[in-house]
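Each chain, letter by letter, is given below.
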Amino acid sequence: MPAPTIRYEFTQGYGGSVGSTIPDLSGNGNTGTINNMTVNSNWLGMFRGGMLDINNTTNTSGKTIQCANITHQNDYSVHIGFKTGSSGAMVGYPCIICGAYAYGTHDWWIGWNDTYGPMRYSRNGVAALSSSSYGYVSNTFYMVAVTNDYTGGGTGSLFKIYRTNGTDGATATGGPYAASTAGRVGICKYGGYSDNFQSAITLGHFMFWNGSRLTEAEHDDIARRYYLKYNFTALI
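First, a word on scope: everything that follows refers to the structure included in this document. (Residues numbered from 1 in each chain as written. Predicted model: local features only at pLDDT ≥ 70, side-chain atom pairs only at ≥ 80, totals over all residues. Heavy atoms only, no water.)

A count of helices and strands for the chain gives 2 helices and 16 strands. Across the 236 residues of the chain, 58% fall into the buried class. Pairs at least 24 apart in sequence give 67% of the contacts found in the chain among residues at least 6 apart. In the form shown here, the chain has an accessible surface area of approximately 9,000 Å², with 48% of it arising from carbon and sulfur atoms. (Helix = DSSP H or I, 4+ residues; strand = E, 2+ residues; numbered from the N terminus. Buried < 20%, exposed > 50% of the residue type's maximum accessible area, 1.4 Å probe, protein only. Contact = heavy atoms within 4.5 Å. Areas by Shrake-Rupley, 256 points an atom, 1.4 Å probe, with all protein chains shown as cover.)

Moving on: the pattern of salt bridges. In this structure the tally under the stated criterion is 6 salt bridges. Among the ionic pairs, Lys160 bridges to Glu216, the shortest N-O distance being 2.9 Å. Here Lys160 is found in strand E13 (residues 156-163), whereas its partner Glu216 is found in helix H2 (residues 216-226), with 56 residues between them in sequence. Taking the shortest distance from any N to any O, the salt bridge between Asp221 and Arg225 comes out at 2.8 Å. Within this pair, Asp221 and its partner Arg225 are both found in helix H2, separated by 4 residues, close to a single helical turn. A residue is classified by how much of its surface remains accessible, and Asp221, at 30% relative accessible area, is partly exposed. Residues joined by salt bridges that share partners form a network here, namely Asp75, Asp149 and Arg213. (Salt bridge = Lys/Arg side-chain N within 4 Å of Asp/Glu carboxyl O.)

This brings us to unusual backbone geometry. Positive phi outside glycine occurs at Arg48, with the angle close to 50 degrees. Examined against the element boundaries, Arg48 turns out to sit in the loop between strand E4 (43-44) and strand E5 (51-55). Positive phi values are uncommon outside glycine, yet Asn231 reaches one of about 65 degrees. Relative to the elements of secondary structure, Asn231 occurs in the segment after H2. Assessed through its relative accessible area of 47%, Asn231 is described here as partly exposed.

Another point: the nonpolar core. Judged by nonpolar contacts, the single largest core of 40 residues is most densely connected at Ile65, Trp108, Ile110 and Phe206. Once residues within four sequence positions are removed from consideration, Phe206 is found in contact with Ile6, Arg7, Tyr8, Cys67, Val78, His79, Ile80, Cys98, Val185 and Ile187. Counting 13 residues, the second-largest nonpolar core is a separate cluster that includes Met51, Phe141, Tyr162 and Tyr226. (Core = buried A, V, L, I, M, F, W, Y, C linked by side-chain atoms within 4.5 Å.)

Under the defined criterion, the tally for this structure stands at 17 aromatic pairs. Between Tyr76 and Tyr177, the aromatic rings sit 6.4 Å apart at their centres with planes inclined by 85 degrees, giving edge-to-face as the arrangement. Here Tyr76 is found in strand E7 (residues 76-84), whereas its partner Tyr177 is found in the loop between strand E14 (171-174) and strand E15 (185-187), with 101 residues between them in sequence. Comparing Tyr76 with Tyr177, the two get one shared label, buried. (Phe/Tyr/Trp six-rings, centres within 6.5 Å; stacked < 30°, edge-to-face > 60°.)

The next thing to look at is the pairing of strand E16 (residues 200-210). Counting buried positions along E16 gives 11 out of 11 residues, so the element sits mostly inside the fold. Alignment of strand E1 (residues 6-9) against E16, held across 4 bridges, turns out to be antiparallel. Within the sheet, the bridge partner assigned to Arg7 lies in E16 and is Met207. Of the pairings in the sheet, the one linking E5 to E16 comprises 4 bridges and is antiparallel in character. (Pairing = 2+ DSSP bridges.)

In structure tokens form, the structure reads like this:
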């Protein structure tokens, strides 16, 4: 399995407490920037081994993470784990868990587009949707995996959701698409776009592979490492 380009964790002593930046545990020095949050108010060091409470109350509250400014590649993969808030993640919509957009031709985001619709992975305006059972639900742990295979033989896009007992993950696939101008990645933020699509989540981990195409089996392997953190009773 390829090593991630960016890896953020919030476990005490392993990713540490949260200041104005998040250390990159990939070893690549891709430090993240924390906006409008503090260690005293937002870092939950004793909750599920350490998580970050990104508790936006509106979709413009401004509590976000801006990942390091790297040149986005056409091929990429994402693995993220989080818990929705007491009123769900949606404080407006679209409600973006993470995404990338730089006012150019390409973009992608993971989140919800309306209160009753399923969680979606939108790419250049084309959404690969999960099953309808993955709509907006409060106080729920999720892991989400994404791969865009643009150059590796036409495998295309993979979107997979893990929830509850780990066996009810919904998978959707679609064709490949170009992403080289998608720009900087954001968490609870539409990449480099203005802050008006934010969500309210408690973040456990985030990994981004720039230029690497993870297989579904590799994503499953990562999910197995985290399933206890997110209170799953089992994983495939």
